[in-house]
Amino acid sequence: MNRMDYDRALYYTHRSQWDNLLILMVRTQDDVLSKRIEQFLHAYNFSNDYTVVERKLYNLLRYVDHANSLGIQQDAEEISMATT
């Protein structure tokens, strides 16, 4: 799990840097993140229905939030194991 990829996904999405988001999609090792980025970018570029674009964006953001929370839990577990 590379938490930097999730931070980059948030940053690129917030700044509407779609080219950088596409590059992240190709380079990340997280298959689910890659798929969510792909689905969002496809909807953004080709969908005429804004609700589809919005739903794909929220799916991407929810996954990033979920993955970050798992990373924080894993970090906390590693720290507690190291101190005992």
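Everything numeric here is computed off the predicted structure, so don't read it as measured data.

Caption draft 1: Molecular detail of the packing of aromatic side chains. Counting across every chain of the model gives five aromatic pairs. Judged by centre distance (6.0 Å) and plane angle (65 degrees), the ring pair of Tyr 11 and Tyr 12 falls under edge-to-face. According to the relative accessible area criterion, Tyr 12 is buried, its value standing at 16%. Plain terms: the ring middles of Phe 40 and Tyr 44 are 5.9 Å apart, the flat faces sit at 40 degrees to each other, and that makes the pair tilted. Of this pair, Phe 40 and Tyr 44 both sit in helix α3 (residues 31-46), four residues apart, which is roughly one turn of the helix. On the basis of relative accessibility, which here comes to 2%, the residue Phe 40 falls in the buried class. Members of the aromatic cluster, joined through ring pairs, are Trp 18, Phe 40 and Tyr 44.

Caption draft 2: Inspection of the packing of helix α2 (residues 18-27) against α3 at higher detail. At a minimum axis separation of 9 Å, α2 and α3 run at an interaxial angle of 145 degrees. The two elements α2 and α3 meet at a crossing, and its hand is left-handed. Side by side, α2 and α3 meet where Trp 18, Leu 21, Leu 22, Leu 24 and Met 25 of the first sit next to Ser 34, Ile 37, Glu 38, Phe 40, Leu 41 and Tyr 44 of the second. By residue class, the composition of the contact of α2 with α3 is nine nonpolar, one polar and one charged.

What counts, and where the lines are drawn
Residues numbered from 1 in each chain as written. Predicted model: local features only at pLDDT ≥ 70, side-chain atom pairs only at ≥ 80, totals over all residues. Heavy atoms only, no water. Phe/Tyr/Trp six-rings, centres within 6.5 Å; stacked < 30°, edge-to-face > 60°. Buried < 20%, exposed > 50% of the residue type's maximum accessible area, 1.4 Å probe, protein only. Helix = DSSP H or I, 4+ residues; strand = E, 2+ residues; numbered from the N terminus. Axes fitted to C-alpha atoms, helices over the stretch in contact; angles between N-to-C directions. Left-handed = near helix turned anticlockwise from the far one by under 90°. Contact = heavy atoms within 4.5 Å. Nonpolar A, V, L, I, M, F, W, Y, C, P; charged D, E, K, R; others polar.

Purely spatial values, then, with no claim about function.
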